[in-house]
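Summary of the model geometry
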Amino acid sequence: GLVRMGRGYTVEESVERYLTNLSAAAGSCLTGLLIGQSSAQKDFVVLAVKTPHRESEGGSESRRVSSPLDDLDAEWVAEHARQVSRMLPGGVSVLGLFLITPPELAKEAQNTLKRLIFAVEKYISRSRLWDLSEDDVTDRVTLHICSKTRKAVCRTYDVKDPKCSAKPADWKYQSSISSSWPMLTCSVKVDLQIPVTESSSEKCIKDGLRRWAKQIEAGLCLINGRPASDDSELLSGSRKNPKTSQQQTLQAQILVSEEDPVQRCSAVVQTSNGSVCVRGTVHCRAYIHTNKPRTRHAAQAIKRDAVNTVSNRVEMLLEDLQMNEGGSASEQQGLPRRVFAPLPGSGLKVCDYMFPDESATDVADRLKEMLDWEPAEEDIDTSVEALACSSASVLEAGDGRIDGAPQDAPRESTTEAATQQKATHYYAGVAAAAAVALLATATSLLYLNESP
């Protein structure tokens with residue numbers, strides 16, 4: 001067969017409008033993310049988002065910089081990519097970067113893009129709990145745009161190989177490419193008990209989640225009741241015609257063999273000071289392109305979303321606890337629940353995580369900052385993980401769960417901790433997984449327990 005020269009990118013027309021408006025305003029250099037879905041044949045780009053402005057300490061103007069490109073902060077670009085990745089449903093990911101520069105910087109632009117691409121990959125893969133498979137495309141795309149001529153140059157880099165050189169790629173705009181992408185949805189029950197030691201609790205938690213991720217990966221996925229593990233086409237017959245089709249929703253289930261992950265790490269149990277429980281039901285979602293997708297790719301996308309949505313929340317919670325070191329008091333704190341908002345100009349929804357004390361306004365603000373668009377608050381769907389609220393027998397979270405924990409240990413930052421305990425179930429019900437109690441014992445333990 002012929003060797004394809006470069007990858008082909010089919011790009012949503014709304015991305016063209018977005019980049020055109022940006023380059024018109026760009027006096028200096030501007031970076032941003034390109035987001036979409038890879039497949040063996042070609043890649044689809046559905047969204048471009050500029051890097052948000054970083055509030056810098058002190059006047060950065062005073063720094064003498066030889067070129068504006070040196071001033072581009074790789075860590076900040078990569079951190080933005082990491083946070084945006086959390087907002088993407090299964091099947092959708094950060095595929096690369098764009099860079100807009102004035103003509104005199106065009107020569108240096110390519111080196112800068114390569115440096116940024118590898119920084120982004122490093123940040124994103126650090127949070128990833130699943131392993132890449134043979135099928136995963138490791139080419140990432142870069143688009144350099146000259147702010148004066150508007151000429152765009154598209155190249156790819158293979159992030160498996162730090163020594164790789166840029167390869168040319170094809171970049172073509174097309175209208176509504178994702179409007180009929182089928183959506184897979186799935187609920188996954190999580191019930192994990194992870195032994196932790198005080199000195200390295202975060203590492204223990206990550207290892208425990210990684211063992212669970214392996215179970216999910218090995219699980220059997222059913223799509224509309226049929227096993228999805230082979231190369232058969234996901235969409236068949238009448239469902240194929242993209243011109244007429246409305247977006248379909250496919251129901252998925254992930255069946256995991258009941259092997260208890262705790263058994264395998266009994267050596268840890270002896271030395272551990274306690275355990276973290278992660279319990280609850282999470283809502284998973286993935287979108288699949290319509291270019292002859294295989295059922296096993298759809299299964300992989302929904303499984304990865306299940307792993308991501310659980311690990312993202314635990315990671316966010318740990319970050320939150322580190323920032324507000326209110327440490328060892330016994331407190332109830334809900335894990336954030338997943339909410340969705342429709343992405344304009346596409347058939348997709350992106351997600352965010354709403355902590356119990358947050359509202360749709362907070363979500364809208366974050367989407368504006370991270371994705372550079374203002375969703376209407378009424379478009380933010382907070383219902384997917386609130387279904388269990390109808391259960392009337394909800395007791396206070398933590399009631400009778402934790403032996404000897406003082407129920408009302410003082411905690412400076414919230415006087416209404418006790419009231420909050422009673423209210424946790426109004427927020428998230430059973431669905432979003434939960435409450436965390438940090439116990440006032442010699443070793444401060446972290447529990448994630450759902451309201452029963």
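Heads up: the structure comes first, above all this text.
To start, this report covers the structure provided alongside it. Computed from a predicted model, the values in this text were never measured in an experiment.

1. Some remarks on the pattern of salt bridges
If charged atoms from side chains of opposite charge come close, those side chains can pair. A full pass over the atoms with the stated rule returns 23 salt bridges. Across the pair Arg-82 and Glu-319 runs a salt bridge whose closest N-O atoms are separated by 3.4 Å. Of the two residues, Arg-82 sits in helix α2 (residues 74-86) while Glu-319 sits in helix α6 (residues 295-323), which places them 237 residues apart along the sequence. Classification of Arg-82 as buried rests on a relative accessible area of 15%. Relative accessible area serves as the criterion here: at 26%, Glu-319 is assigned to the partly exposed category. Salt bridges linked by common partners bring Glu-79, Arg-82, Arg-86, Glu-315 and Glu-319 together as one network.

2. Describing the sheet that holds strand β10 (residues 220-223)
If you walk across this open sheet you meet the five strands as β11-β10-β12-β9-β13, and the pairing is mixed. The open sheet has two free edges, formed respectively by β11 (226-227) and β13 (274-287), since each of these has just one partner strand. Strands β9 (183-196), β10, β12 (249-255) and β13 of the sheet are contacted by helix α4 (residues 201-218), whose axis makes an angle of about 140° with β9.

3. Digging into unusual backbone geometry
Even without a glycine there, the phi angle at Ser-176 is positive, about 35°. By the element assignment, Ser-176 lies in the loop between β8 (170-174) and β9. Phi is positive for Lys-292, close to 50°, though the residue is something other than glycine. Counting through the fold element by element, Lys-292 comes out in the loop between β13 and α6. Overall, Lys-292 belongs to the exposed group, its relative accessible area being 53%.

Cut-offs applied
- Residues numbered from 1 in each chain as written.
- Predicted model: local features only at pLDDT ≥ 70, side-chain atom pairs only at ≥ 80, totals over all residues.
- Heavy atoms only, no water.
- Salt bridge = Lys/Arg side-chain N within 4 Å of Asp/Glu carboxyl O.
- Helix = DSSP H or I, 4+ residues; strand = E, 2+ residues; numbered from the N terminus.
- Buried < 20%, exposed > 50% of the residue type's maximum accessible area, 1.4 Å probe, protein only.
- Pairing = 2+ DSSP bridges.
- Contact = heavy atoms within 4.5 Å.
- Axes fitted to C-alpha atoms, helices over the stretch in contact; angles between N-to-C directions.

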